[in-house]
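This is what each chain is made of:
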Amino acid sequence: AASNDYDPDEIKAIADFVLPLREADLSGRHAALAGLVTSAEIAFVGHSRGCARTERLIQDFPELEPHTVGVVFLGPADDAIPVPGHFLVMGAGKDGQSFAWATEGAWDRQAAPRWKVWMPGANHGNFVDHKVYYAFDGQPSMTRKEQLQQVVGWGVPFLQRAFGLPQPFASKLDDPPSIAGVEVTADP
């Protein structure tokens, strides 16, 4: 079972799952994946302690570093380890577990290209489609749907850029729009 502490066996288990997915033909995993072959490049998305696990994974398995093109932290609880590639951190003002200083710290230690999306009315539990930890959070003024729309709305153009894909939403990253209830800092 996962804990909030660093556990090298847990990180190894994550690596044992992730590493074989690089440059893999996924056809045999499920019919919906027929013909899908992954690249050598990889991006990570972490929520809460998943951010620290991402940092530790890249640190403990250095073969991932040159292939990590992007990292997304949602409501971060991290171990203050810089990560490679493009970086997006999303924080929430009503988050009762990951506070503003965690979002700021994650942002401060990363190199460009990087983006920070702060949502004063969002909370920790609404970063996921489950009411986990909801009791610890403040009452959000942003709905779960609105918060998840922001995650997808920033995540898609971010991942397109990180992987060098066509970027129909590039202007969102290059010149972030003014969105009510969202504060964006960009360092592309």
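Residues numbered from 1 in each chain as written. Predicted model: local features only at pLDDT ≥ 70, side-chain atom pairs only at ≥ 80, totals over all residues. Heavy atoms only, no water.

(A) Region of interest: the pattern of salt bridges. Counted under the stated rule, the structure contains 8 salt bridges. When the shortest N-O distance is used, the salt bridge between Asp-16 and Lys-12 registers 2.9 Å. Taken together, the residues Asp-16 and Lys-12, both in helix 1 (residues 8–18) and 4 residues apart, mark about one turn of the helix. For Asp-16, a relative accessible area of 44% gives the class partly exposed. Asp-187 is the partner of Arg-114 in a salt bridge, and the nearest nitrogen-oxygen pair spans 3.0 Å. In this pair, Arg-114 is assigned in strand 4 (residues 114–119) and Asp-187 in strand 5 (residues 183–187), connecting sequence segments 73 residues apart. Classification of Asp-187 by relative accessible area gives partly exposed; the value is 29%. Because the salt bridges share partners, they merge into one network encompassing Arg-49, Arg-56 and Asp-79. (Salt bridge = Lys/Arg side-chain N within 4 Å of Asp/Glu carboxyl O. Helix = DSSP H or I, 4+ residues; strand = E, 2+ residues; numbered from the N terminus. Buried < 20%, exposed > 50% of the residue type's maximum accessible area, 1.4 Å probe, protein only.)

(B) Region of interest: a nonpolar patch on the surface. On the surface, Val-152, Val-156 and Phe-169 cluster together to form a nonpolar patch covering roughly 260 Å² of accessible area. Tracing the backbone through its elements, the reader meets Phe-169 in the loop between helix 4 (144–162) and helix 5 (170–174). (Patch = residues over 30% accessible without salt bridge, like charges linked within 9 Å, V, L, I, M, F, W, Y side chains within 5 Å. Areas by Shrake-Rupley, 256 points an atom, 1.4 Å probe, with all protein chains shown as cover.)

(C) Inspection of the side chain of Gln-147 at higher detail. Assignment of secondary structure puts Gln-147 in helix 4. Those residues in contact with Gln-147, other than ones at most four positions away along the chain, are Met-119, Ala-122, Asn-123, Asn-126, Phe-127 and Met-142. (Contact = heavy atoms within 4.5 Å.)

(D) Spatial organisation of the nonpolar core. Formed by 17 residues in total, the largest nonpolar core has its most connected members in Phe-44, Leu-57, Phe-61, Val-71, Phe-73, Phe-87 and Val-89. Counting residues per element, the ones that place at least two in this core are helix 1, strand 1 (42–47), helix 2 (49–60), strand 2 (68–74), strand 3 (86–92) and helix 3 (100–109). If we ignore the near neighbours within four places in the chain, the residues touching Phe-73 are Gly-46, Cys-51, Thr-54, Glu-55, Asp-78, Phe-87, Leu-88, Val-89, Met-90 and Ala-106. By size, the runner-up hydrophobic cluster in this structure holds 16 residues, among which are Leu-74, Met-119, Val-151 and Leu-173. (Core = buried A, V, L, I, M, F, W, Y, C linked by side-chain atoms within 4.5 Å.)

(E) Just unusual backbone geometry, in detail. Note that the residue after Ala-112, namely Pro-113, is joined by a cis bond; omega there is 5 degrees. With respect to the helices, strands and loops of the structure, Pro-113 is situated in the loop between helix 3 and strand 4. The phi dihedral of Glu-23 falls on the positive side, at around 50 degrees, and the residue is not glycine. Relative to the assigned elements, Glu-23 resides in the loop between helix 1 and strand 1. Take Glu-23: its relative accessible area is 59%, and that puts it in the exposed class. Backbone geometry places Ser-48, a non-glycine residue, at a positive phi of 60 degrees. Positionally, Ser-48 belongs in the loop between strand 1 and helix 2.

(F) Molecular detail of the pairing of strand 4. With 6 of 6 residues buried, strand 4 lies mostly within the body of the structure. On strand 4, burial covers both faces: Arg-114, Lys-116 and Trp-118 on one face and Trp-115, Val-117 and Met-119 on the other are all buried. Note that strand 3 and strand 4 share 6 bridges and pair parallel. Across the sheet, the residue bridging to Val-89 is Lys-116, located in strand 4. For strand 4 and strand 5, the ladder comprises 5 bridges, and the chain directions are antiparallel. If you follow Trp-118 over to strand 5, its bridge partner there is Glu-183. (Pairing = 2+ DSSP bridges.)

(G) Molecular detail of helix 2. Taking 1.5 Å of rise per residue, the 12 residues of helix 2 would be expected to cover 16 Å, and the 16 Å separating its terminal C-alpha atoms lies within 8% of that figure. Listed as buried for helix 2 are Arg-49, Cys-51, Ala-52, Arg-53, Thr-54, Glu-55, Leu-57 and Ile-58. The elements touched by buried residues of helix 2 are helix 1, strand 1, strand 2 and helix 3. (Expected span 1.5 Å × (residues − 1).)

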